Amino acid sequence: MQICEFASQYKFFGMKKIYLFANWKMYLDVAESKKLAAAYASERANFPRDSVVAIFPSALSFSTVGEAITGTTFALGAQNTFWIDKGGYTGEVSAVMFKNVGGKYALVGHAERRHLFSESNHEVRQKIDTMLTAPLTPVLCVGETLQEKKDGKTMEVLEAQLRAAYMDIAWPKNIEAIIAYEPVWAVGSGEACEPEEAEKIAGLIHDWATKLLPKGISPVVLYGGSVREENILDYINQPHLAGVLVGGASTKLSSLLGLLGQLK
Ligand code: PGA
């Protein structure tokens with residue numbers, strides 16, 4: 001096979017194993033989640049070969065989605081977990097509870113958790129610690145607000161978020177360290193970060209995280225924030241970006257098909 005023929009078959013992202021993570025937030029009830037998960041399963045041949053696909057449904061729909069994707073290579077992830085395994089914590093669900101019903105990943109420090117629910121860097125770290133013992137693979141979300149960006153504080157904010165999350169952490173060798181760069185202003189706004197800017201920041205995140213994590217753990221960096229059919233390729237073709245965390249566009253079959261169409 002000619003090299004160019006080979007490359008075009010892979011739409012430039014080459015042999016890179018890409019991460020496609022779908023954060024369904026609180027968009028879907030149980031019946032809707034079941035239907036969409038079944039649609040994902042029936043589309044599985046259209047996901048790029050070797051892609052790492054995970055769906056993050058609501059806690060309520062978790063097991064239902066798990067059943068609907070049984071027999072596929074798709075994984076399940078929690079949107080939020082508590083930092084204690086069991087006890088009198090009304091309304092919370094622990095990492096180990098998600099693990100026990102088939103969870104593999106968990107988001108932590110998502111922009112909506114940090115800013116709508118005042119989740120602190122300290123809480124993020126506590127959550128990561130319990131995820132690692134469950135074990136679930138933490139998907140650490142980091143990102144600056146619009147004001148922080150305007151004030152030229154992006155690097156400072158990201159560094160502080162990474163430091164709090166990873167400093168002196170005992171990281172099991174068999175768990176990936178996944179970080180999603182999700183500028184707060186880009187999440188759910190329709191205003192995505194320029195791919196070149198995301199790439200530059202992903203490179204810095206990669207370097208900082210490598211220094212903070214124990215030797216031998218190589219961080220995987222994703223981009224999230226208004227990823228759509230029109231821009232998905234611009235992110236996954238960047239050298240420091242291993243894939244994308246998609247919110248809104250992952251919650252409708254029509255937009256999922258649009259995304260997959262780009263990756264063919
Ligand atoms: P969005 O959300 O794709 O709807 O901007 C991204 C996310 O919440 O991870």
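Owing to the predicted nature of the structure, the values given are computational and were not obtained by experimental measurement. (Residues numbered from 1 in each chain as written. Predicted model: local features only at pLDDT ≥ 70, side-chain atom pairs only at ≥ 80, totals over all residues. Heavy atoms only, no water.)

**Considerations on the overall build of the chain**
And step 1. Helix and strand counts for the chain stand at 11 helices and eight strands.
And step 2. Against the compact-globule benchmark of 18 Å for 264 residues, the chain has a radius of gyration of 18 Å, which places it among compact chains.
And step 3. By its C-alpha atoms, the chain is 55 × 45 × 35 Å across when sized along the principal axes.
And step 4. Counting only residues that meet the buried cut, the chain has 51% of its 264 residues in that class.
And step 5. Within the chain, residue pairs in contact and separated by at least 24 positions form 72% of the contacts whose partners lie at least 6 positions apart.
And step 6. Per element, the accessible surface of the chain, about 12,500 Å² overall, is 54% carbon and sulfur.
And step 7. Across the chain, the centroid of the 26 positively charged side chains sits 5 Å from that of the 29 negatively charged ones. (Helix = DSSP H or I, 4+ residues; strand = E, 2+ residues; numbered from the N terminus. Rg over C-alpha atoms; globule rule 2.2 N^0.38 Å. Buried < 20%, exposed > 50% of the residue type's maximum accessible area, 1.4 Å probe, protein only. Contact = heavy atoms within 4.5 Å. Areas by Shrake-Rupley, 256 points an atom, 1.4 Å probe, with all protein chains shown as cover. Lys, Arg positive; Asp, Glu negative; His and termini not counted. Charge placed at Lys NZ, Arg CZ, Asp CG, Glu CD.)

**Let's talk about the sheet that holds strand 7 (residues 220–224)**
And step 1. The strand order 1-2-3-4-5-6-7-8 describes a closed barrel built from eight strands, whose pairing is parallel. With strand direction ignored, the average angle separating the axes of adjacent strands in the sheet is 25 degrees.
And step 2. When strand 6 (residues 178–181) meets strand 7, the two strands line up parallel, connected through four bridges. If you follow Y181 over to strand 7, its bridge partner there is Y223.
And step 3. Here helix 6 (residues 121–133) sits on the sheet in contact with strand 4 (103–108) and strand 5 (137–142), set at roughly 170 degrees to strand 4. (Pairing = 2+ DSSP bridges. Axes fitted to C-alpha atoms, helices over the stretch in contact; angles between N-to-C directions.)

**Regarding empty space enclosed by the protein**
And step 1. Summed over all chains, the structure comprises one cavity of 30 Å³ or more.
And step 2. Looking at the largest cavity, its volume works out to about 120 Å³.
And step 3. Along the wall of the largest cavity there are 15 residues; nearest its centre are L20, F47, V246, L256 and L259.
And step 4. Where the lining of the largest cavity is concerned, the elements lending two or more residues are strand 1 (19–23), strand 2 (52–56), strand 8 (243–246) and helix 11 (253–263).
And step 5. If you tally residues by element for the lining of the largest cavity, the top one is helix 11, at four residues.
And step 6. For the lining of the largest cavity, a count of residues per class yields 14 nonpolar, one polar and no charged. (1 Å grid on protein atoms, 1.4 Å probe; cavity = no way out; pocket = protein on both sides within 12 Å on 5 of 7 lines; lining within 4 Å. Points joined across faces, edges and corners; volume = space filled by probe spheres on them. Nonpolar A, V, L, I, M, F, W, Y, C, P; charged D, E, K, R; others polar.)

**Focus on the environment of T133**
And step 1. As for its placement among the helices and strands, T133 is situated in helix 6.
And step 2. Here T133 falls in the exposed class, since its relative accessible area comes to 62%.
And step 3. Placed 73 residues apart in sequence, T133 and H206 show a C-alpha to C-alpha distance of 24 Å.

**Notes on the site of the ligand**
And step 1. Contacts to the ligand come from 13 residues, most closely from K25, H110, E182, G188 and S226.
And step 2. One nitrogen or oxygen atom from the side chain of N23 is found 3.5 Å from an oxygen atom belonging to the ligand.
And step 3. For the ligand, an oxygen atom lies 2.6 Å from a polar atom in the side chain of E182.
And step 4. Summarising the interface, the protein chains cover 99% of the accessible area of the ligand, which totals 280 Å² for the free molecule.
And step 5. Here the residues of the shell around the ligand are counted per class, giving four nonpolar, seven polar and two charged. (Near = heavy atom within 4 Å. Polar contact = N/O pair within 3.5 Å; in protein donor to acceptor, adjacent residues only side chain to side chain.)

**Observations concerning the packing of aromatic side chains**
And step 1. Inspection of the entire model under this criterion finds 13 aromatic pairs.
And step 2. Both rings, one in W24 and one in Y40, keep their centres 5.5 Å apart while their planes meet at 65 degrees; by these two values the pair is edge-to-face. Taken together, the residues W24 in the loop between strand 1 and helix 2 (30–42) and Y40 in helix 2 connect sequence positions 16 residues apart. In this pair, the class of W24 matches that of Y40, namely buried.
And step 3. When the centroid spacing of 5.3 Å and the interplanar angle of 85 degrees are considered together, the rings of Y166 and W171 count as edge-to-face.
And step 4. According to the relative accessible area criterion, Y166 is buried, its value standing at 0%. (Phe/Tyr/Trp six-rings, centres within 6.5 Å; stacked < 30°, edge-to-face > 60°.)

**Concerning the pattern of salt bridges**
And step 1. The full count for this structure, using the stated rule, is six salt bridges.
And step 2. Linking D129 and R125 is a salt bridge whose minimum nitrogen-to-oxygen distance equals 3.2 Å. Within this pair, D129 and its partner R125 are both found in helix 6, separated by four residues, close to a single helical turn.
And step 3. Residue D129 is classed as partly exposed on the basis of its relative accessible area, which comes to 35%. (Salt bridge = Lys/Arg side-chain N within 4 Å of Asp/Glu carboxyl O.)

**Some words on the pairing of strand 8**
And step 1. Residues G243 and L245 of strand 8 are buried on one face, and the alternating residues V244 and V246, pointing to the opposite face, are buried as well.
And step 2. The sheet contact formed by strand 1 and strand 8 spans four bridges and is parallel. Paired with A22 across the strands is V246, a residue of strand 8.
And step 3. Two strands pair when backbone bridges link them, and strand 7 and strand 8 are joined in this way by three bridges, in the parallel orientation. Considered in strand 8, the bridge of Y223 is made with V244.

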